[in-house]
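One-letter residues, chain by chain:
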Amino acid sequence: AETQNLYNNLKELAKTNILFGHQDAVAYGIGWKGGDFNSDVYMVSGDYPAFFGWDIGHIDSTMNLDSVPFIDMKRWIKEVYNRGGINTIGWHGINLASGGSSWDTSRVVNHILPGGKLNKEFNAQLDNVAEFFNECITEEGGKIPIIFRPFHEHNGSWFWWGNESCSNEEYKKLWIYTHNYLLKNKGVNNVLFSYSTDAFTGREDYLSRYPGDEYVDFLGWDDYKSIRTKDTRQVFLDRIAVINELAKEKNKVGCLSETGYETLSKSDWFTQELLGGLKAAPATDHIAYLLVWRNAWKSHHYAPYPGHPSANDFITFKQDSMIMFLSDLPNMYNDQINIKKQ
């Protein structure tokens, strides 16, 4: 019920607001790692993101691909939920054919589907994924809602599930099989699925690998280029229009599932490019949230940290009536909410 409430409430909030998210927000930042709900975003703005992004790559190990211990991740996911925030999880899964990373583009999808020589091994991976989701629970034993974003940027060529490593039909079969295995075979009932492309040219391109409305809850895309400067703003506006229109037509929720400007070398990027682009869009009434990528080190970060030149601009961005951080959220897991930002 809480997962259904979260989905309905995000759909309602999208009419007037966009929630801000950050990948690995409390796992590490610039000059620190771990801790008791530490966050660069909090240290700069006095508030936490509304959305917290995680990744379960290397799910069969003790730590994920970015060296975040899974035991800590579960603890933080629970804390996010207790504070009223929202968790979204991606999956940079290994290539079972080669043993390589997600970026090993050796053909494998045909081997992990039913009838393939690695289907048993893939099922074992899915068992681990299901176990993780089923163990994301509250003190009372209730399951914590999760937005799951597997096999993302699938129209690019850099992952083993990408457009040069498997056909559109193979990708759709992979998605449907994963969805059904988790929900029907393993009893996962606290997960919503996000379909997220990389850059795309229009509706047909966006939907080229779409598995069907039954298997998707969120329509997202990852954008690091067209949102970067005003020079490419029209491309961004065209894409956000497609997402918004499709979400409306299909009764889904849209999102900007990954975005950002690495190192934030433009100190007013949050207000002038990101917020400016969102406000220039004809409509964002079906776009619920955006998520900037992680703060790994000084040459690879997407949110400001204390002392960063974009810190003041980020605070101005946060204060805009369109944008919601954690303290702005109503109870997203109730069946009724007051959506007005305080």
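Refer to the structure presented above.
Since the model is a prediction, treat every value here as computed from it, not as a measurement.

Participant: What am I meant to see in the packing of helix α8 (residues 233–250) against helix α9 (residues 269–280) here?
Facilitator: Packed helices, taken two at a time, are described by the angle between their axes plus the distance between the axes. It is at 10 Å that the axes of α8 and α9 come closest, and there the two elements cross at 50°. The angle between α8 and α9 places the two elements in the oblique class. Our pair here, α8 against α9, has a crossing hand that is right-handed. Contacts from Arg 233, Phe 236, Leu 237 and Ile 240 of α8 reach α9 at Gln 272, Glu 273, Gly 276, Gly 277, Leu 278 and Ala 280. Grouping the constituent residues of the contact of α8 with α9 by class yields five nonpolar, three polar and two charged.

Participant: Can you walk me through the pairing of strand β6 (residues 146–150) in this structure?
Facilitator: Side-chain positions along a regular strand alternate between the two faces of the sheet. Most of β6 sits out of view: five of its five residues are buried. Taking every second residue as pointing to the same face, both faces of β6 are buried, with Ile 146, Phe 148 and Pro 150 on one and Ile 147 and Arg 149 on the other. Where strand β5 (residues 86–91) meets β6, five bridges bridge the pair, whose relative direction is parallel. When the bridges of β6 are listed, Asn 87 appears paired with Ile 146. Pairing of β6 with strand β7 (residues 191–197), which is carried by three bridges, proceeds in the parallel orientation. Its bridge partner lying in β7, Ile 147 is registered against Leu 192. Chirality of the crossover, the property in question, places the unit of β6, helix α6 (residues 168–185) and β7 among those that are right-handed.

Participant: Which parts of the structure should I look at to understand the side chain of Arg 233?
Facilitator: Residue placement: Arg 233 occurs in helix α8. Judged by its relative accessible area of 18%, Arg 233 is buried. Sequence-distant contacts of Arg 233, defined by excluding residues within four places in its chain, comprise Ser 226, Gln 272, Glu 273, Gly 276, Gly 277 and Ala 280.

Participant: Mind showing me how you'd approach the side chain of Asp 55 here?
Facilitator: Structurally, Asp 55 is set in strand β4 (residues 51–55). Residues within four places of Asp 55 in sequence aside, it is in contact with Gln 23, Asn 64, Leu 65, Phe 70, Met 73, Gly 90, Trp 91 and His 92.

Participant: How should I be thinking about unusual backbone geometry in this particular structure?
Facilitator: Both trends apply: most residues other than glycine have a negative phi, and most peptide bonds are in trans. At Phe 37, a residue that is not glycine, the phi angle is positive and equals roughly 60°. Positionally, Phe 37 belongs in the loop between β3 (32–33) and α2 (40–45). By relative accessible area, which is 3% here, Phe 37 ends up buried. Even without a glycine there, the phi angle at Glu 153 is positive, about 50°. Mapped onto the elements, Glu 153 comes out in the loop between β6 and α6.

Conventions used here
- Residues numbered from 1 in each chain as written.
- Predicted model: local features only at pLDDT ≥ 70, side-chain atom pairs only at ≥ 80, totals over all residues.
- Heavy atoms only, no water.
- Axes fitted to C-alpha atoms, helices over the stretch in contact; angles between N-to-C directions.
- Helix = DSSP H or I, 4+ residues; strand = E, 2+ residues; numbered from the N terminus.
- Parallel < 35°, antiparallel > 145°, perpendicular 65-115°, else oblique.
- Left-handed = near helix turned anticlockwise from the far one by under 90°.
- Contact = heavy atoms within 4.5 Å.
- Nonpolar A, V, L, I, M, F, W, Y, C, P; charged D, E, K, R; others polar.
- Buried < 20%, exposed > 50% of the residue type's maximum accessible area, 1.4 Å probe, protein only.
- Pairing = 2+ DSSP bridges.
- Right-handed = clockwise from strand over helix to strand, strands pointing away.

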